Amino acid sequence: MISELPRPGAVKYVLFDVDGTLIDAVDNQRRVWRTWAERYGLDPDEVYQVALRTRPMETFAEVAPGQDPRECLAALHELEDEDVRSGVYAAFDGASELLGALPQGLWALVTSNYEHRVRGRFARTGLPVPDVLVGAAAVEEGKPSPVPYLHAALRLGAEPKDCLVVEDAPSGVQSGLRAGMTVWGVNAPVAVDGVHRHFGSLREAVCDILAFTSGIHPRRLEESAAVE
């Protein structure tokens, strides 16, 4: 795996995935899909396994081919919106510190979820929201297409080569790689294929991500923080 640090003086940007990267929403997603599956008389575990690897409309086509996909999607949206209002969420360790240290204009969120849900979850967890948030409705093609990350870079005024993508899932990693960006993986026991660097947790990556944007070697950044 390659450790990439910016050239001295070069402006660098960080593009974050949300669910699984900054916010731990696994239990929420499982609960939403379980409730949805039970409404349609389907096996919740089987439905969830399909949902993990496909987008909602593709999930409906596979697990409920006889149902109207628009009605299926409306039911899912209803459950997800209710979960944002009443569910329990937690930010991953290091998320608040990391986002709080990044200057506005140098980072963005790129998610397959909808913007209003992301804003609701961030409000619940106290995380700051950046100027640029690319959600599901902002692009016609979702991950693993490079479009979401390229769209975020365009809105930031950044070149793809100057962007660091922080992801936890294979589809997001492929999206970042196809966009021509540096991609680091977090919150996984083993590295996702293709990542330039892998960290077992977001907490482990905090110092290196800040170093990427500042151009300072991670060890020197740690020493500076210790002095302060």
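Since this is a predicted model, take the numbers as computed values, not measurements.

*Asks:* I would appreciate a short explanation of helix α7 (residues 147-156) in the present structure.
*Replies:* Residues lying three or four places apart along an α-helix face the same way, a consequence of the helix completing one turn every 3.6 residues. Along α7, the residues that are buried comprise Pro 148, Tyr 149, Ala 152, Ala 153 and Leu 156. Across the axial projection of α7, the buried residues extend over an arc of 135 degrees, all falling on one side. On its buried side, α7 packs onto β1 (13-16), β4 (107-110), β5 (132-134), β6 (163-167) and α8 (170-178). Immediately downstream of α7, the backbone of Gly 157 shows phi near 75 degrees, a positive value.

*Asks:* Hey, could you run me through the side chain of Thr 21 in this one?
*Replies:* By the element assignment, Thr 21 lies in the loop between β1 and β2 (23-24). Classification of Thr 21 by relative accessible area gives buried; the value is 0%. Within the structure, the side chain of Thr 21 is placed 2.9 Å from the side chain of Asp 17, a separation counted as a polar contact. Sequence-distant contacts of Thr 21, that is, excluding residues within four places in its chain, are made with Phe 92, Val 166, Glu 167, Asp 168, Val 186, Asn 187 and Leu 202.

*Asks:* How should the pairing of β1 be read in this particular structure?
*Replies:* Along a regular strand, successive side chains alternate from one face of the sheet to the other. Taking every second residue as pointing to the same face, both faces of β1 are buried, with Tyr 13 and Leu 15 on one and Val 14 and Phe 16 on the other. Bridge count for β1 against β6 is 4 bridges, and the pairing is parallel. In the sheet register, Leu 15 faces β6, and the bridge partner there is Val 165.

*Asks:* Even after reading the chapter, I still don't get the pattern of salt bridges, so can you show me in this structure?
*Replies:* Where side chains of opposite charge bring their charged atoms close, a pairing between them can arise. The full count for this structure, using the stated rule, is 17 salt bridges. With a closest N to O distance of 3.3 Å, Asp 162 and Lys 12 form a salt bridge. With Asp 162 in the loop between α7 and β6 and Lys 12 in the segment before β1, this pair connects stretches of sequence that are 150 residues apart. In this pair, the class of Asp 162 matches that of Lys 12, namely buried.

*Asks:* Quick question: what am I supposed to make of the nonpolar core here?
*Replies:* Ranked by size, the top nonpolar core spans 29 residues in total, and within it Phe 16, Leu 22, Leu 98, Leu 99, Leu 109, Phe 122 and Ile 209 carry the most contacts. Within the residue set of this core, elements represented by two or more residues are β1, α5 (95-101), β4, α6 (115-125), β6 and α9 (202-214). Counting residues in each nonpolar core, the second largest holds 20 residues, with Leu 156, Val 165, Met 181 and Val 183 among its members.

*Asks:* Help me understand the sheet that holds strand β8 (residues 197-198) in this model?
*Replies:* Strands pair in a sheet through their backbones, by hydrogen bonds, and they do so in one of two ways: parallel or antiparallel. Judged by pairing direction, the sheet is parallel, and its 6 strands sit side by side in the order β5-β4-β1-β6-β7-β8 without closing on themselves. With partners counted over all chains shown, the strands left at the sheet margins are β5 and β8, one partner each. Summarising the sheet, strand β7 (residues 182-185) and β8 pair through 2 bridges and their orientation is parallel. Directly across from Gly 185, in β8, lies its bridge partner His 198.

*Asks:* Which parts of the structure should I look at to understand the packing of aromatic side chains?
*Replies:* The description of an aromatic ring pair rests on the distance of the ring centres and on the angle between the ring planes. One pass over the full model with this rule turns up 7 aromatic pairs. Note on Trp 33 and Phe 60: the rings are 6.1 Å apart at their centroids and 50 degrees apart in plane angle, and the pair reads as tilted. On the criterion of sequence distance, the pair formed by Trp 33 in helix α1 (residues 26-39) and Phe 60 in helix α3 (residues 56-63) is long-range, its members being 27 residues apart. With respect to burial, Trp 33 and Phe 60 carry one shared label: buried. With a centroid separation of 5.8 Å and 80 degrees between ring planes, the pair formed by Trp 184 and Phe 212 is classed as edge-to-face. Linking Trp 184 in strand β7 with Phe 212 in helix α9, this pair joins segments that are 28 residues apart in sequence. Among the residues examined, Trp 184 registers a relative accessible area of 1% and is labelled buried.

Calculation rules
- Residues numbered from 1 in each chain as written.
- Predicted model: local features only at pLDDT ≥ 70, side-chain atom pairs only at ≥ 80, totals over all residues.
- Heavy atoms only, no water.
- Buried < 20%, exposed > 50% of the residue type's maximum accessible area, 1.4 Å probe, protein only.
- Helix = DSSP H or I, 4+ residues; strand = E, 2+ residues; numbered from the N terminus.
- Arc of directions from axis to C-beta.
- Contact = heavy atoms within 4.5 Å.
- Polar contact = N/O pair within 3.5 Å; in protein donor to acceptor, adjacent residues only side chain to side chain.
- Pairing = 2+ DSSP bridges.
- Salt bridge = Lys/Arg side-chain N within 4 Å of Asp/Glu carboxyl O.
- Core = buried A, V, L, I, M, F, W, Y, C linked by side-chain atoms within 4.5 Å.
- Phe/Tyr/Trp six-rings, centres within 6.5 Å; stacked < 30°, edge-to-face > 60°.

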